[in-house]
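Structure assessment
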Amino acid sequence: MATFGTITATLPHNPNKSVEVSQPPTDGVSSLCFSSKANYLVATSWNNQVCCWEIQQNGTSIPKAAISHDQPVLCSAWKDDGTAVFSGGCDKQAKMWPLLSGGQPVTVGMHDAPIKEIAWISEMSLLVTGSWDKTLRYWDTRQPSPVHTQALPDRCYAMDIRHPLMVVATADRNILVYNLASPQTEYKRIQSPLRYMTRCIATFPDKQGFLVGSIEGRVAVQHIDDAQQSKNFTFKCHRDNNDIYAVNAINFHPIHATFATSGSDGAFNFWDKENKQRLKAMQRCNQPIPCSTFNADGSIFAYAVSYDWSKGAENYNPSTAKNYILLHAPQESEIKAKPRSTAAGARK
């Protein structure tokens, strides 16, 4: 468990008094991911870099190493054994960085357009990449050619995997469900229940469905089984009166199966889908939160604060548009589902 010290100063970019990661990226942060084996945090950025920090028990961050792509980096993932980091981006390359051994990054995959999503499937010992070239490609990192290329109906926007479930969202509001026991076959294809562009997707811990977040401040709770469609619902979030903001990230807590949403309004919230309630609304930062993630035991919630260009170039102010990575230590009251009261006053 993380035992962060008390942060006393309240700053516009950090109203929740989170711990700041030292030496953050110099441009917008595009992805965050923790190793499952230790509190090593990786961030990718529009400055072409992949950076790693070691997060100590008190929240102190120690910059460990960094590598560069040729163009902005959009996505990252750790290998399950914690030895290597995978990254992809606008240079169309998937790189493997053997970070723990101090090795140099090697290119292990290529696409015909930027790589938007990347994931290591430990059960298959394969890397999967999703691209704006309208394909998924599976890679054995020892071979130069993909072991399988799966055509998508449009550009890949979001992807999440809990083997054997994989869910991929593309442009034009397509959502494709795969059973990785047979990755060559779509298990199911649906149109997003949300009317606007998909920004993020997260599979349920029990693998019975997934959450979808859109640019229109809304999240859909979607079940896969046709018999469970009556449990589906949508809810509004990341809104401020008439202003509507994108839901940029959805992250399930690894212990409690509740989840966090992070948005372009600069807020992150914790939710319980089973009881259809918001557990905690955090104070809004002065810039968007483009990405977020929990560490392996759920004791640290990492989130980036940086301009995401959602309000265009006219709202970019170099003097205030700094980039930050912040670490929040969730309290049990914020992240653990609350027992439901029945009409008779009994607890479920």
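As the structure is a prediction and not an experimental result, all values here were calculated from the model. Counting starts from 1 at the beginning of each chain's written sequence and moves along it residue by residue. For a predicted model such as this one, the threshold for reporting local features is a pLDDT of at least 70, and the threshold for listing and counting side-chain atom pairs is 80 or more; totals across whole chains, interfaces and linings nevertheless cover every residue. Side-chain figures throughout are based on the complete set of non-hydrogen atoms in the structure, without hydrogens or water.

1. Side note on the layout of surface pockets
Empty space within the second largest pocket amounts to approximately 270 Å³. Here a cavity denotes grid points, spaced 1 Å and computed from the protein atoms alone, that fit a 1.4 Å probe unable to get out, and a pocket denotes an open set having protein on both sides within 12 Å along at least 5 of 7 lines; residues with an atom within 4 Å of a point are the lining. Around the second largest pocket, the lining comprises 15 residues; the ones closest to its centre are Asn286, Gln287, Pro288, Tyr307 and Lys311. When residue character is reported, Ala, Val, Leu, Ile, Met, Phe, Trp, Tyr, Cys and Pro are called nonpolar, Asp, Glu, Lys and Arg charged, and the others, Gly included, polar. Among the residues making up the lining of the second largest pocket, the classes are represented as 5 nonpolar, 7 polar and 3 charged. Grid points are joined across faces, edges and corners, and a volume is the space filled by probe spheres set on the points.

2. Focus: the sheet that holds strand S4 (residues 49-55)
Each pair of strands is called paired provided DSSP finds at least two bridges between the two strands. For helices the rule is a DSSP run of H or I covering at least 4 residues; for strands it is a run of E covering at least 2, with both sets numbered from the N terminus onward. Read from one edge to the other, the open sheet built from 4 strands follows the order S2-S3-S4-S5, with strand pairing classed as antiparallel. Only two strands of the sheet have a single neighbouring strand rather than two, namely strand S2 (29-34) and strand S5 (61-68). Taken pair by pair, the neighbouring strands of this sheet meet at an average axis angle of 20°, ignoring direction. Two elements, strand S3 (residues 40-45) and S4, share 5 bridges in a ladder whose sense is antiparallel. What counts as an axis is a line fitted to C-alpha atoms, over the stretch in contact for a helix, and the angles between N-to-C directions run from 0 to 180 degrees.

3. A few points about unusual backbone geometry
Trans peptide bonds make up most of the peptide bonds, and negative phi angles are found at most residues other than glycine. Across the junction of histidine 163 and proline 164, the peptide omega takes the value 5°, indicating a cis bond. Relative to the assigned elements, proline 164 resides in the loop between strand S14 (156-162) and strand S15 (165-170). With a phi angle near 80°, asparagine 48 is a residue other than glycine that sits in the positive phi range. For asparagine 48, the position within the fold is in the loop between S3 and S4. Of note in the backbone geometry, asparagine 241 takes a positive phi value of approximately 55° without being a glycine.

4. Some words on the sheet that holds strand S9 (residues 106-110)
The antiparallel open sheet is built from 4 strands, whose spatial order is S6-S7-S8-S9. Since the sheet does not close on itself, it has two edges, and those belong to strand S6 (73-78) and S9, each with one partner. The sheet shows a mean angle of 25° between the axes of neighbouring strands, taken without regard to direction.

5. Digging into the packing of aromatic side chains
Ring geometry is summarised as follows: Phe, Tyr and Trp rings, the Trp one being its six-membered ring, pair when their centres sit within 6.5 Å, and such pairs are stacked at plane angles under 30 degrees, edge-to-face over 60 and tilted between the two. Scanning all chains against the criterion turns up 17 aromatic pairs. Ring centres of phenylalanine 268 and tyrosine 303 lie 4.5 Å apart, and the angle between their planes is 45°; this geometry places the pair in the tilted category. Note that phenylalanine 268 is positioned in strand S26 (residues 268-272) and tyrosine 303 in strand S29 (residues 301-305), a separation of 35 residues in sequence. Like tyrosine 303, phenylalanine 268 is buried. Consider the rings of phenylalanine 294 and phenylalanine 301, whose centres lie 4.9 Å apart with planes at 55°: the pair is tilted. Of the aromatic side chains, those joined through ring pairs into one cluster are Phe204, Phe233, Phe235, Phe252, Phe259 and Trp271. Exposure classes here rest on a 1.4 Å probe applied to the protein chains alone. A residue is buried below 20% of its type maximum, exposed above 50%, and partly exposed in between.

6. A look at the nonpolar core
The nonpolar side chains of soluble globular proteins are, as a tendency, buried together. In this text, buried Ala, Val, Leu, Ile, Met, Phe, Trp, Tyr and Cys residues form a nonpolar core when linked through side-chain atoms within 4.5 Å. Of all hydrophobic cores here, the largest spans 16 residues; its most connected members are Leu32, Leu41, Ile55, Ile325 and Leu327. Going through the elements one at a time, S2, S3, S4, S29 and strand S30 (324-328) are the ones with two or more residues in this core. Core analysis: the second largest hydrophobic core is formed by 15 residues, Leu126, Leu136, Cys156 and Leu180 among them.

7. Considerations on the confidence of the model for the chain
For the chain, per-residue confidence averages 94 on the pLDDT scale, and residues scoring 70 or more make up 95% of the total. Low pLDDT, under 50, characterises residues 4-8; the stretch is placed with 13 contacts to residues that sit more than four places away or in other chains. You can read pLDDT as the predictor saying how much it trusts each residue, on a scale of 0 to 100. We call two residues contacting when some pair of their heavy atoms lies within 4.5 Å.

8. What about the environment of serine 192?
When you line up the elements, serine 192 lands in the loop between strand S17 (186-191) and strand S18 (198-203). A residue is classified by how much of its surface remains accessible, and serine 192, at 3% relative accessible area, is buried. Along the backbone, serine 192 and threonine 170 are 22 residues apart, and their C-alpha atoms lie at a distance of 9.7 Å. If near-sequence neighbours (up to four positions away) are discounted, serine 192 is found in contact with Arg173, Ile175, Thr198 and Val212.

9. Quick notes on the environment of serine 310
Mapped onto the elements, serine 310 comes out in the loop between S29 and S30. Given the relative accessible area of 46%, serine 310 is considered partly exposed. Measuring from C-alpha to C-alpha, the distance between serine 310 and serine 264 comes to 7.5 Å, with 46 residues separating the pair along the chain. Ignoring anything within four residues of it in the chain, the contact list for serine 310 reads Ser264 and Pro288. By the criterion applied in these results, polar contacts are pairs of N or O atoms within 3.5 Å in which, for protein atoms, one can donate a hydrogen and the other can accept it, and in which residues neighboring in sequence qualify only through two side-chain atoms. Looking at serine 310, its side chain comes within polar contact range of the side chain of aspartate 308, at 2.7 Å.

10. Some words on the pattern of salt bridges
Here, a salt bridge means any side-chain nitrogen of Lys or Arg that lies within 4 Å of a carboxyl oxygen of Asp or Glu. A complete count under the given rule lists 12 salt bridges for this structure. Among the ionic pairs, glutamate 54 bridges to lysine 64, the shortest N-O distance being 3.5 Å. On the criterion of sequence distance, the pair formed by glutamate 54 in strand S4 and lysine 64 in strand S5 is long-range, its members being 10 residues apart. In this structure, the salt-bridge partner of aspartate 154 is arginine 155, at a minimum N-O distance of 3.2 Å.

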